[in-house]
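Summary of the model geometry
Residue strings, one per chain:
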Amino acid sequence: DSGVTQTPKHLITATGQRVTLRCSPRSGDLSVYWYQQSLDQGLQFLIQYYNGEERAKGNILERFSAQQFPDLHSELNLSSLELGDSALYFCASSVGGTRNTIYFGEGSWLTVV
Amino acid sequence: EDQVTQSPEALRLQEGESSSLNCSYTVSGLRGLFWYRQDPGKGPEFLFTLYSAGEEKEKERLKATLTKKESFLHITAPKPEDSATYLCALGFSGNTGKLIFGQGTTLQVKP
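Residues numbered from 1 in each chain as written. Chains lettered and ligands numbered in written order. Predicted model: local features only at pLDDT ≥ 70, side-chain atom pairs only at ≥ 80, totals over all residues. Heavy atoms only, no water.

Turning our attention to the packing of aromatic side chains. Summed over the entire model, instances satisfying the criterion amount to ten aromatic pairs over all chains. Considering the side-chain rings of Tyr 35 of chain A and Phe 45 of chain A, the 5.5 Å spacing of their centres and the 65° angle between planes classify their relative orientation as edge-to-face. In this pair, Tyr 35 of chain A sits in strand β4 (residues 31–38) while Phe 45 of chain A sits in strand β5 (residues 42–50), placing the two residues ten residues apart along the sequence. In this structure, Tyr 35 of chain A and Phe 45 of chain A share a single accessibility class: buried. Note on Phe 104 of chain A and Phe 101 of chain B: the rings are 5.9 Å apart at their centroids and 75° apart in plane angle, and the pair reads as edge-to-face. Here Phe 104 of chain A is found in strand β10 (residues 103–104), whereas its partner Phe 101 of chain B is found in strand β10 (residues 99–101) on a different chain. As far as burial versus exposure is concerned, Phe 104 of chain A and Phe 101 of chain B are alike and both buried. Aromatic ring contacts, followed pair by pair, group Tyr 35, Phe 45, Phe 90, Tyr 103 and Phe 104 of chain A together with Tyr 36, Phe 46 and Phe 101 of chain B into a single cluster. (Phe/Tyr/Trp six-rings, centres within 6.5 Å; stacked < 30°, edge-to-face > 60°. Helix = DSSP H or I, 4+ residues; strand = E, 2+ residues; numbered from the N terminus. Buried < 20%, exposed > 50% of the residue type's maximum accessible area, 1.4 Å probe, protein only.)

Attention shifts here to the sheet that holds strand β1 (residues 5–7) of chain A. To summarise the sheet geometry, strands pair through backbone hydrogen bonds and adopt either a parallel or an antiparallel arrangement. All names here are of chain A. The four strands lie next to each other as β1-β3-β8-β7, forming an open sheet whose pairing is antiparallel. Two strands in the sheet have a free side with no partner beyond their single neighbour: β1 and β7 (64–68). On average, adjacent strands in this sheet sit at an angle of 15° to one another, irrespective of strand direction. (Pairing = 2+ DSSP bridges. Axes fitted to C-alpha atoms, helices over the stretch in contact; angles between N-to-C directions.)

Residues and elements named next belong to chain B. For strand β9 (residues 84–92), a buried count of nine out of nine residues is recorded, marking the element as mostly surrounded by other parts of the structure. Burial of β9 is two-sided: the residues Ala 84, Tyr 86, Cys 88, Leu 90 and Phe 92 facing one way and the residues Thr 85, Leu 87, Ala 89 and Gly 91 facing the other way are all buried. Where strand β4 (residues 30–38) lies against β9, seven bridges are found, and the strand directions are antiparallel. Opposite Trp 35, over in β9, you have Cys 88 as the bridge partner. The pairing of β9 with strand β11 (residues 105–110) spans three bridges and is antiparallel. For Thr 85, the partnering residue across the bridge sits in β11 and is Thr 106. In terms of strand pairing, β9 meets β10 through three bridges, oriented antiparallel. Residue pairing for β10: Gly 91 is matched across the bridge by Leu 99.

With an omega of -10°, the peptide bond running from Thr 7 of chain A to Pro 8 of chain A counts as cis. Considering the arrangement of structural elements, one finds Pro 8 of chain A in the loop between β1 and β2 (10–13). Residue Pro 8 of chain B follows Ser 7 of chain B across a cis peptide bond; omega there is -10°. Along the chain, Pro 8 of chain B turns up in the loop between β1 (3–7) and β2 (10–14). Look at Asn 51 of chain A: it is not a glycine, yet its phi comes out positive at around 50°. Take Asn 51 of chain A: it is sitting in the loop between β5 and β6 (53–57). The class of Asn 51 of chain A is partly exposed, set by a relative accessible area of 47%. You will see that Leu 72 of chain A, though not glycine, has its phi angle at about 80°, which is positive. Mapping Leu 72 of chain A onto the fold places it in the loop between β7 and β8 (74–78). We classify Leu 72 of chain A as buried; its relative accessible area is 17%.

Here it is as structure tokens:
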């Protein structure tokens, strides 16, 4: 158990809908990361927050957004969902931003039908 | 362009048959090379971080090494429970901890 908690574990939704994935980082970790893993793309970095502020951005679609709240939990919002958004979404956390081990949660399986 | 390539894509070993997985990379401003293990449907599990060429780290049957252009994950006398996908990832200099992952090597160890 990495200490990173993600909810929900599984969800199925229809195209065009919006979903929110939630993440609680490990106790004491200030950085939260979101990754997307699909069969053809592998594990792709989406976005990083550090203590409430956006720190780095990867290949995150404009339909996706994230935020980190004062209690350090984070949410990833996915809107206008398409079939291709079906993937495993991971949250990860670390103490800081560099030279710190990054620990991953168990992921949220999203299926868009 | 920053890039990480893992080989082979898949590897089948008999229990006790040692081997190595390769991770080659091109990057500007490398700040750490990371190895993770991932079981099907699970999150990546941290194994090692290497920061400089010549560095080696060991954990049970696993040993990771780093050169200026590649890293190896040596598996000595593997057991069936070592079966998993092994991912290497690049960390970057600067004020971010983001990682860029390779496609992984899926290892199957048969008893």
